[in-house]
Amino acid sequence: MVRGAPHSRRRLDPQGARPAGLMRRLGGVVYDAFLVMALLIVLGFIGVAVNGGEANQSPLFRSLLLVAMFAFFGGCWSRSGMTLGMQAWRLRIETPQGHVPTLQQCLIRFVVAGLSLGACGLGYVWQLWDPEQRSWQDIASGTRVVVLPKPRRE
């Protein structure tokens, strides 16, 4: 993938996609929260083992946990536009042109989503007033979350 050349990024199939509503997005967040908790628990066990059986509260270890969370979200978003929780709710993140987001867009989205949750979820609720149903992380990263149509049965 060449940076700065959007035509070289993978284009997603935009057929029938529409903006995702708040409740569906929160459903995906809940699913992904369970996956992230499992990841953090495993890393926590490793951190305790490395620290001689004591809780590892070092800034380095906490930074590692943050990097692991971004690796999960950023990797999923930049590869296919969706995490496992998003797949369950038929959600996908894409650019307005229908491409998967870049790693830079994923990082911006990850940081702003954290700030949004830290502000009592105000960044998510913001989409109720936005004419395009965008949350803070959508606006800041130049992406959108869409609902995929149900697959056709043949």
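As a reminder, the structure under discussion sits directly above these lines.
Here's what I pulled together on the structure shown here. (Residues numbered from 1 in each chain as written. Predicted model: local features only at pLDDT ≥ 70, side-chain atom pairs only at ≥ 80, totals over all residues. Heavy atoms only, no water.)

1. Some words on the sheet that holds strand 1 (residues 18–19)
Then comes step 1: The strand order 1-3-2 describes an open sheet built from three strands, whose pairing is antiparallel. Each having just a single partner strand, strand 1 and strand 2 (91–94) make up the two edges of the open sheet.
Then comes step 2: The pairing of strand 2 with strand 3 (residues 144–147) spans four bridges and is classified as antiparallel. Across the sheet, residue I93 finds its bridge partner in strand 3, namely V145. (Pairing = 2+ DSSP bridges. Helix = DSSP H or I, 4+ residues; strand = E, 2+ residues; numbered from the N terminus.)

2. Things to note about the packing of aromatic side chains
Between two aromatic rings, the relevant description is the distance of the centres plus the angle of the planes.
Then comes step 1: Considering all chains together, one arrives at six aromatic pairs under this definition.
Then comes step 2: In this structure an aromatic cluster arises from ring pairing among F70, F72, F73, W77 and F110.
Then comes step 3: The ring of W77 carries R109 above its face, with NZ or CZ at 5.6 Å from the centroid. (Phe/Tyr/Trp six-rings, centres within 6.5 Å; stacked < 30°, edge-to-face > 60°. Lys NZ or Arg CZ within 6 Å of the ring centre and 35° of its normal.)

3. Points about the pattern of salt bridges
Then comes step 1: Summed over the entire model, instances satisfying the criterion amount to six salt bridges.
Then comes step 2: Its salt-bridge partner being E94, residue R144 comes within 2.6 Å of it at the nearest N-O pair. Taken together, the residues R144 in strand 3 and E94 in strand 2 connect sequence positions 50 residues apart.
Then comes step 3: The salt bridge partner of D130 is R134, with a shortest N-O separation of 3.1 Å.
Then comes step 4: For R134, a relative accessible area of 25% gives the class partly exposed.
Then comes step 5: Through salt bridges with shared partners, a single network forms among R25, R109 and D138. (Salt bridge = Lys/Arg side-chain N within 4 Å of Asp/Glu carboxyl O. Buried < 20%, exposed > 50% of the residue type's maximum accessible area, 1.4 Å probe, protein only.)

4. Some points on the layout of surface pockets
Then comes step 1: Estimates place the volume of the largest pocket at around 420 Å³.
Then comes step 2: Tallied by class, residues from the lining of the largest pocket come to 15 nonpolar, three polar and three charged. (1 Å grid on protein atoms, 1.4 Å probe; cavity = no way out; pocket = protein on both sides within 12 Å on 5 of 7 lines; lining within 4 Å. Points joined across faces, edges and corners; volume = space filled by probe spheres on them. Nonpolar A, V, L, I, M, F, W, Y, C, P; charged D, E, K, R; others polar.)

Honestly, that's just the spatial picture; any functional story needs more than this.
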